[in-house]
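Spelled out, the chains give:
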Amino acid sequence: MTSLESARELLREFPVADGHNDLPWALREQVRYDLDARDVAADQSAHLHTDIPRLRQGGVGAQYWSVYVRTDSPDPVAATLEQIDCVRQLLARHPEDLRPALTAADMEAARGEGRIASLMGAEGGHSIANSLGTLRGLYGLGVRYLTLTHNDNVDWADSATDEPRAGGLTAFGREVVREMNRVGMLVDLSHVAATTMRDALDTSTAPVVFSHSSARAVCDHPRNIPDDVLERLPANGGVAMVTFVPKFVLQAAVDWTAAADENMRAHGFHHLDTTAEAMKVHRAFEERRPRPVATVATVADHLDHMREVAGIDHLGIGGDYDGTAFTPDGLDDVSGYPNLLAELLDRGWSKADLAKLTWKNAVRVLGAAEDVARGLQATRPPSNATIESLDG
C-alpha cells in the first residue's frame, strides 16, 4: 500500500477536523450569499477552494466555518450575523452531508453518521463590539471560538500585524477571555500578537486554540507562533492548527511579499489595492520576480517542528481555504489533505500520531473547554463588565 493509500484509509476512520475555512466570506464576496450561484453540492473549483465533493475527497469530517467580517465593517455585529445565517443556510441545504455541531459529542456523532460536523468560529474581536452580552449571543447562535483579533488591533487586544497599543490584553481583554472560558467558547490566538498570546495563556483556565497558525521558528512571520508559546501548550492543553498560507509558511514567500508590497507603495498604491492600474504594477513585478511556491513538504516542516516543541497531543490542521489567494502545491484545495498525511507517513509519523493530528486533538480541546465551562458556570454568574469600567 502506498503512503497516499494509507493516508486515505486512515482518514476514513479519523477524518480531518479543520480549524478554519472562509467559505462563508467567499460566498458573501462572490455572490452575496446566492447559494444557487455557488452550489457547493457541485464542483466549484473554478471559483472556490471548497465544495462538498472535494471535502469528501479530502477526508474532511469536521469543519469550523469562519464567520469572518472585515475590521472596517460599519456594523460588524450585523455582518457577523449574516455570516452565521449563511452557514445555517448551507446546513439546511445539505443535511445529508453537513451536520450542525455545537459540542465534542456532536463531532463524534457526525463522524459516526459519515457527515461533516459543521461548527463556527468568529474571526476577530471586533465582532463582539466590546460587549460581553454580544459575545454570549454569538455563543448562543453556535459560535464556538472567537479569534481575539484579526489583522488590526481591537480596543482590548493587540494584533500580530498592527502597531502595539495595549501591550497584549487590557483588563477588559482578560475579562473577555474569562467570559469565554465561562460560556465554553474556545479562545483562538491566531492573528494576535505574541504578547496577546502570552497574556491569554496567563488568563485562560481552559485550553486555547490557534485555528490557523504555523511555527515562527520555521518561518519568521508575526502571524506564526513563537516557540516559547508552543512550549506552554502542554500545560494549557491547547492545540495549534498548522495553516497552509504560503506567505506564512515559506520564508521566501514572506520576503517576496514584503518586496511586492514595497514595490506597490513605491508606485503610489496601497499594497492591497486591486484596481486595474495597481494590478498592472503588481503583475509586472511578478514577471520580473516570480512568486515562490510552497509545497506539502513546506507545511510538513512546520508540523515536524511544532511536534518537537509542543508534542503530538497539541497539533491540528487549519488550512484557511477560501481565505487566501494562493495555496501550496499539493494542497491546492480541500481535497489535498491526504497528500499532507502521506508526506508525514513518509517522514515516520505513525497512524496513531496522524489520528491525533487530524481528529482526536480537535475533539478533545472542545470537550475540555466544555468541562471547564460547566465548573465555572456553577460558581460564577455572567460578567456584565464594560470596557469603560475596566479600561477607563
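Note that the structure is a prediction, hence the values are computed from the model and not measured.

Enquirer: Sorry if this is basic, but what is going on with the overall build of the chain here?
Expert: Secondary structure summary: the chain contains 17 helices and nine strands in total. What you see for the chain is a C-alpha radius of gyration of 20 Å, in line with the 21 Å of a compact globule of 392 residues. Taking the principal axes of its C-alpha atoms as reference, the chain extends roughly 60 × 55 × 45 Å. Sorting the 392 residues of the chain into buried and exposed places 58% on the buried side. The long-range share in the chain, meaning contacts at least 24 apart out of those at least 6 apart in sequence, stands at 72%. Of the roughly 15,000 Å² that the chain leaves accessible, carbon and sulfur atoms contribute 50%. In the chain, the 38 positive side-chain charges and the 58 negative ones have mean positions that sit 2 Å from each other.

Enquirer: For this particular structure, what's the right way to read the packing of aromatic side chains?
Expert: How two aromatic rings sit relative to each other is set out by the distance from centre to centre and by the angle between their planes. Following the criterion strictly, the structure yields seven aromatic pairs and no others. Considering the side-chain rings of Tyr321 and Tyr337, the 5.9 Å spacing of their centres and the 90 degrees angle between planes classify their relative orientation as edge-to-face. Here Tyr321, found in the loop between strand 9 (315–317) and helix 15 (337–346), pairs with Tyr337, found in helix 15; they are 16 residues apart in sequence, far enough to count as distant. Each member of the pair, Tyr321 together with Tyr337, is buried. Members of the aromatic cluster, connected to one another through ring pairs, are Phe244, Tyr321 and Tyr337. Over the aromatic face of Tyr139 sits the side chain of Arg144, whose NZ or CZ is 3.7 Å from the ring centroid. Sitting over the face of the ring of Trp349, Arg307 holds its NZ or CZ atom 4.8 Å from the ring centroid.

Enquirer: What exactly am I supposed to notice about empty space enclosed by the protein here?
Expert: Gaps between atoms show up when a probe of the same size as a water molecule is rolled over them. What the rule picks out here adds up to one cavity of 30 Å³ or more. Size it by volume and the largest cavity reaches roughly 50 Å³. Taken together, Gly19, Tyr64, Tyr145, Leu186, Val209, Ser211, Val239, Met241, Ala362 and Val365 form the lining of the largest cavity. Those elements giving two or more residues to the lining of the largest cavity turn out to be strand 8 (239–242) and helix 16 (351–377). Classifying every residue of the lining of the largest cavity by side-chain character gives eight nonpolar, two polar and no charged.

Enquirer: Would you mind going over the packing of helix 6 (residues 132–140) against helix 7 (residues 171–183) with me for this structure?
Expert: Working note: a packed helix pair is described by the angle between its axes plus the distance between those axes. Where helix 6 contacts helix 7, the axes come no closer than 11 Å and their chain directions differ by 30 degrees. Relative to helix 7, the element helix 6 lies roughly parallel. Here the hand of the crossing between helix 6 and helix 7 comes out right-handed. Contacts between helix 6 and helix 7 involve Leu132, Leu135, Arg136 and Tyr139 on the former and, on the latter, Phe172, Glu175, Val176, Glu179, Met180, Arg182 and Val183.

Enquirer: How should I be thinking about the pairing of strand 1 (residues 16–21) in this particular structure?
Expert: A regular strand places its side chains on the two faces of the sheet in alternate fashion. Counting buried residues along strand 1, six of its six residues qualify, which places the element largely inside the surrounding structure. Alignment of strand 1 against strand 2 (residues 60–66), held across four bridges, turns out to be parallel. Paired with Asp18 across the strands is Gln63, a residue of strand 2.

Enquirer: Just to check I follow, could you spell out the nonpolar core for this structure?
Expert: Most often, soluble globular proteins keep nonpolar side chains buried together rather than apart. Ranked by size, the top nonpolar core spans 102 residues in total, and within it Met107, Leu148, Trp156, Leu189, Phe244 and Leu340 carry the most contacts. For this core, the element with the highest residue contribution is helix 16, accounting for nine residues.

Enquirer: I would appreciate a short explanation of the packing of helix 15 against helix 16 in the present structure.
Expert: Close contact between helix 15 and helix 16 brings their axes to 10 Å; oriented N to C, the two are set at 145 degrees. Here the hand of the crossing between helix 15 and helix 16 comes out right-handed. Along its contact with helix 15, which presents Leu341, Leu344 and Leu345, the element helix 16 presents Lys351, Leu354, Leu357 and Thr358. Per-class residue counts for the contact of helix 15 with helix 16 are five nonpolar, one polar and one charged.

Enquirer: Could you clarify how one ought to interpret the pattern of salt bridges in this entry?
Expert: Any two side chains of opposite charge can pair, given that their charged atoms come close. The full count for this structure, using the stated rule, is 27 salt bridges. In this structure, Asp72 and Arg70 form a salt bridge, with 2.8 Å as the shortest nitrogen-oxygen distance. Relative accessible area serves as the criterion here: at 42%, Arg70 is assigned to the partly exposed category. One salt bridge connects Arg347 with Asp304, and the closest N-O pair in it is separated by 2.7 Å. Pair noted here: Arg347 is in the loop between helix 15 and helix 16 and Asp304 is in helix 14 (residues 296–310), with a separation of 43 residues, a long-range link. Classification of Arg347 by relative accessible area gives partly exposed; the value is 30%. Sharing partners across several salt bridges, the network here consists of Arg99, Asp106, Glu113 and Arg115.

Cut-off values and rules
Residues numbered from 1 in each chain as written. Predicted model: local features only at pLDDT ≥ 70, side-chain atom pairs only at ≥ 80, totals over all residues. Heavy atoms only, no water. Helix = DSSP H or I, 4+ residues; strand = E, 2+ residues; numbered from the N terminus. Rg over C-alpha atoms; globule rule 2.2 N^0.38 Å. Buried < 20%, exposed > 50% of the residue type's maximum accessible area, 1.4 Å probe, protein only. Contact = heavy atoms within 4.5 Å. Areas by Shrake-Rupley, 256 points an atom, 1.4 Å probe, with all protein chains shown as cover. Lys, Arg positive; Asp, Glu negative; His and termini not counted. Charge placed at Lys NZ, Arg CZ, Asp CG, Glu CD. Phe/Tyr/Trp six-rings, centres within 6.5 Å; stacked < 30°, edge-to-face > 60°. Lys NZ or Arg CZ within 6 Å of the ring centre and 35° of its normal. 1 Å grid on protein atoms, 1.4 Å probe; cavity = no way out; pocket = protein on both sides within 12 Å on 5 of 7 lines; lining within 4 Å. Points joined across faces, edges and corners; volume = space filled by probe spheres on them. Nonpolar A, V, L, I, M, F, W, Y, C, P; charged D, E, K, R; others polar. Axes fitted to C-alpha atoms, helices over the stretch in contact; angles between N-to-C directions. Parallel < 35°, antiparallel > 145°, perpendicular 65-115°, else oblique. Left-handed = near helix turned anticlockwise from the far one by under 90°. Pairing = 2+ DSSP bridges. Core = buried A, V, L, I, M, F, W, Y, C linked by side-chain atoms within 4.5 Å. Salt bridge = Lys/Arg side-chain N within 4 Å of Asp/Glu carboxyl O.

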